[in-house]
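Below are the chains, spelled out letter by letter.
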Amino acid sequence: MMQETIIYNESIEKVLTNINKVMIGKEDVAALSLVALLAQGHVLLEDVPGVGKTMLVRTLAKSLDCDFRRIQFTPDLLPSDVTGISIYNPKELEFEFRGGPILGNIVLADEINRTSPKTQSALLEAMEEKNVTVDGKTIPLKQPFFVMATQNPIEYEGTYPLPEAQLDRFLLKLKMGYPSWEQELGILERTAKDHPIEQIEAVINKDELIGIQAEVKNVYIDKNVQHYIVNLATGTRRHSAIYLGVSPRGSIALMKAAKAYAYIHARDYVIPDDVKYLAPFVLSHRIILTSEAKYDGLSSEQVIHSVIKNTHIPIRKEFH
Amino acid sequence: MNFAKDNRIPFLYTSVLYICGFFLFLEWLYPIQQVTDTSDLNVFILFAVFCFLVSMLQIKWWFSFLLKGFALVFIINSLFMTTYAFLSKLWFSYIFMEISFNINMLFHQQWYELTPLFRSILFLILIWLMSYLLHYWFVIMKRIFVFILFTIIYLTVLDTFTVYDADGAIVRTFIISFVSLGMANLFKEVDRESIRFAWTKNSWIWIFPLIAVVFFSTLIGYAAPKYDPQWPDPVPFLKSAAEQAGGGEGGSSVRRVGYGEDDSRLGGSFVQDYTPVFQAAVKDEHYWRIETKDVYTGKGWERSAEPNYETQVNGYIALDTFSDNVKTEKHDTVVEFQGNTMIEKLVYPYGISQVEAGEATAFLLDQNSGEIRTRVNNVDRSLAEYSITYDMPSFAIDELRKASLEDPTAINDQYTQLPENLPARIGELAKEITSSDNNRYDRVRAIENYFGQNGFQYQTSDVPIPKENQDYVDQFLFESKAGYCDNYSTSMVVMLRTLDIPARWVKGFTSGEKIADNIGGTDESYDVYEVTNANAHSWVEAYFPGIGWVPFEPTQGFSNLTDFEINLENLEEQDDTLQAPEQEKPEKELKQEEEKDTAPAAENNTTMKLDINWGYVAIGIGIIMILAFLLYRKRYQLRAMMLSVKFRSKHDAKTYQEAYHYLLKLLSYSGLPRSSNQTLREYAKRIDSRYSSDEMGQLTDYYERMLYNNEINETETKKLTQLWKNLIKRIMA
């Protein structure tokens, strides 16, 4: 396959270069994570341990000069372990809030399906509301705020899988995947001495990032492309293998993501390619397959691809 | 050359394919001789062979152009221009004259006036073009089905609507088509898939099955029992449903009225043509005679002998159709030809004695047929104007009645000829009609009047042509009972002959229509008559020993223009003698009115076949086909041109969208369609990798910005137009 050069937005390119110094062959996942970050959404990473999920998030945090926090979800983790807790301060004679790890800029929620639904929903609520309420006090989360939750798809023993309705709090669902033989060799070579993450530096700061997030909102999306998004969403509702199709929230998510993706690629307008590329990542966790489809071994991604295949792309402008 | 190492199809095979194309084309040429007046087809076939051969050899285009052009000139020269030295000054001026005349005629839509030379040139050019086109279709494109389809349509149409019998042709076409389709398909496949084909080694793999399939399908097709046509003959079907006469009577063809030469197959309908032929100032109406014919074939008229022309001295015409005993009156007339009708023969009244038409004019008389050819400077020419002195006869009826029955042997032999298979009922009818008459004149009159009293219809449309085994006269007398002058006059001659009365068939014109009265005559008034093509006519001459040939008019609605004198002394016979002419008088008036009211009820003699037009029709269709083909071939370029012109003047999004979508259409046509789920970028990538360029990408980028970002950048228009054009060129290549 011919490797084509992709044009990136200047700042984004710097970030990606940074990530490429650490990660090998994960540029697409990195770019997608940025899409979620810029669209002010969150990512659910579904993969086996050890493929570089933490490294990716850490590199991202470092490049963006962001505060990085990690929560390792365990069955005995309490909601307050996520949000924080008020502790009585004898000096001041009052309760003092001690923020939990959710109060970082970039939060890695590792193995989110290992903890109890109560704790899970504490995280998901925080993601949705962008603030936490402890003891009647509402504390806003830091900006920018980006959660990357991971899920182990192999072990189901003692897990609490996220209910489908809650999965759509995540803008994207990604998979890291194993590196290729050459890539893995490259990883070994690179990490033989020092880990390269120690050498990288921030390329943009938080304020710049917030500025970019605002700019993303201004990316233009034409009616034609909106039609395409709606066509895709309605396509999932009609597909025979899908029990529950994408909700309007899914369409909005797709549009937001597409805007961010367009921005990353240095465009101030969305094209159907953006939508088409993002659709599997945005939509696949927002549908429920029929039991027949599951029985036939179809995956959500396959079904979304089949929806894409059956959705025609508007390429003609109506002139009045 | 060793062709096996690449995938090109060996010259041998493409040549075989091309030769198949040539044989198919020959099927187009064969019928031309039968359905048109083309006399020598071999010249055209030879030229076609030459053109196809030159095309096949794939020599440089300019050299092949020269070769073919020279062959064309050579053929034209040897066919029409032998009198002039080849490529001499005269030769060129003659050619120039011919061509300018014909072009003039073309512009005036006088299709009938085109000369044989010009028609031949056009036809040769058509053959030339066909040789090129078929080379393109068969060898380069290998798309031959359309041509085969057209060939089959052409043959079936000709078979149905003309005398051409395509039984053999359709079998040949079938075989050639199958062979060539099989080959072309294989070659196309080889081309498309870029198969390396060991041509010499594996030939039998495809040659044998192909031949076997063609052979067996032909054999089966040939041997299989065939149903008779399930549909009625389309010819009458296509005509009015209300017809009674034409249905199932062997078909008919529509002709155009006018004087013509060929009377060997009479019958069929014609359309009226009121083009003036000549004007004449005469004192009295009379027939304008041109020639007679003596041999009836059962289908039409021919001559018993080739004409034997004798040059007439000083314009004195030594033609005697009646004896000196007949009372005559001296008349003169001036005939002025009009329009473009070419009759290279003298049109003259009965009793012609002298013609004046300028010094260089010579008159050649064939005594047998009474045909007088006109020549100027030893070349057959149609005269523009001449004056005739003639002794207008007046036949005395009692003389005719008294005439003996002793015909000279020569006259009897020549003018009582009948075809051997003439149905007996014609003779029986003639006998029945004349049973009560005891002299020749009354018998002739009885037959002449028979038609007027027995329900015969004068009509020019829906007149059948006799079938293969049918007699023309028999069909008219007993079946159709409808027709025009040829039917009536021929029937009368044949009936007279069955009674052993010498009779012959005369062609010429009637007196025409009076257009001016009493013009400047000194003693007697001259009237000016205009004779048009519609006045072409045929009538009857019967022989009376001692008197000569006397004209008779059997056709309904026409009156005998010859004077008959009634002898008042013979009172006993007065009633009888009066009967015939008197009876005609009211009929004449009545019918003349009818003639005026119903215009088509005019005369026709030997009609000029519309079939002749097949030549032009073929040329016309050919030219239209070529034009249509070229337009079709170039349709994308033409559209591209139009769009680029539009795009140059208008830079709006709508135009660009149109141009871009046209590109998509074009790409789709050239086998690279965009599927509807493909984004423009993905598609552009595919196109660009196919053509190893980035033009589609650039154009798509611009279009995307326009489409999804409402962006229009007018500064880029020029560059875009160029890109767009380049890409179209690439696709077209």
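- The name given to chain A in an unreviewed UniProt entry is Magnesium chelatase, with Virgibacillus oceani as the source organism.
- Heading Sequence similarities (unreviewed entry) of the UniProt record for chain A holds this comment: "Belongs to the MoxR family."

## Here we look at the sheet that holds strand β10 (residues 361-366) of chain B
Residue and element names in this part refer to chain B.
- Strand order across the open sheet formed by four strands is β7-β10-β11-β12, with antiparallel pairing between neighbours. One side of each edge strand has no neighbouring strand; the edge strands of this open sheet are β7 (309-312) and β12 (379-380).
- Across four bridges, β7 lies against β10 in antiparallel orientation. Bridging across to β10, Glu310 finds its partner in Leu365.

## Re the sheet that holds strand β16 (residues 503-509) of chain B
All names here are of chain B.
- The four strands are arranged β4-β16-β19-β20 in an open sheet whose pairing can be described as antiparallel. Where the open sheet ends on each side, the last strands, each with one partner, are β4 (288-293) and β20 (548-552). In this sheet, neighbouring strand axes are inclined to one another by 35 degrees on average, regardless of whether the strands run parallel or antiparallel.
- As paired elements, β4 and β16 share five bridges and run antiparallel to each other. Within β16, the position partnered with Thr292 by the bridge is Val506.
- Sheet contacts for helix α15 (residues 485-498): β16, β19 (536-544) and β20; angle to β19, the most-contacted strand, approximately 15 degrees.

## Overview of the nonpolar core
Residue and element names in this part refer to chain A.
- Residues Val35, Leu172, Leu254 and Ala257 are the most contacted members of the largest nonpolar core, which totals 116 residues.
- Counting residues per element, this core draws most heavily on helix α10 (residues 248-264), at ten residues.
- Non-local contacts of Leu254, meaning those with residues more than four positions away in its chain, are made with Ile229, Val275, Leu278, Ala279, Val282 and Leu283.

## Focus: the interface of chain A and chain B
- Of the residues lining the interface, 20 residues belong to chain A; the matching set on chain B comes to 13 residues.
- Those elements that place two or more of their residues in the side of chain A that touches chain B are α9 (223-238), α11 (272-283) and α13 (300-309) of chain A.
- In terms of residue count, α11 of chain A provides more of the side of chain A that touches chain B than any other element does, three residues in total.
- Broken down by class, the residue content of the side of chain A that touches chain B amounts to ten nonpolar, four polar and six charged.

## Focus: the packing of helix α1 (residues 10-22) of chain A against helix α2 (residues 27-38) of chain A
Residue and element names in this part refer to chain A.
- Packing of α1 against α2 leaves a shortest axis separation of 10 Å and a crossing angle of 135 degrees. As the angle between them shows, α1 and α2 are arranged oblique. In this structure, the crossing between α1 and α2 has a hand that is right-handed. In contact with Ile12, Val15, Leu16, Ile19 and Asn20 of α1, α2 contributes Glu27, Ala30, Ala31 and Leu34.
- Among the residues forming the contact of α1 with α2, the class breakdown is seven nonpolar, one polar and one charged.

Criteria and cut-off values
Residues numbered from 1 in each chain as written. Chains lettered and ligands numbered in written order. Predicted model: local features only at pLDDT ≥ 70, side-chain atom pairs only at ≥ 80, totals over all residues. UniProt positions renumbered as here; feature names shortened; annotations may be inferred. Pairing = 2+ DSSP bridges. Helix = DSSP H or I, 4+ residues; strand = E, 2+ residues; numbered from the N terminus. Axes fitted to C-alpha atoms, helices over the stretch in contact; angles between N-to-C directions. Contact = placed C-beta atoms within 7 Å. Core = buried A, V, L, I, M, F, W, Y, C linked by C-beta atoms within 7 Å. Buried ≥ 20, exposed ≤ 12 C-beta atoms within 10 Å, placed from the backbone. Nonpolar A, V, L, I, M, F, W, Y, C, P; charged D, E, K, R; others polar. Parallel < 35°, antiparallel > 145°, perpendicular 65-115°, else oblique. Left-handed = near helix turned anticlockwise from the far one by under 90°.

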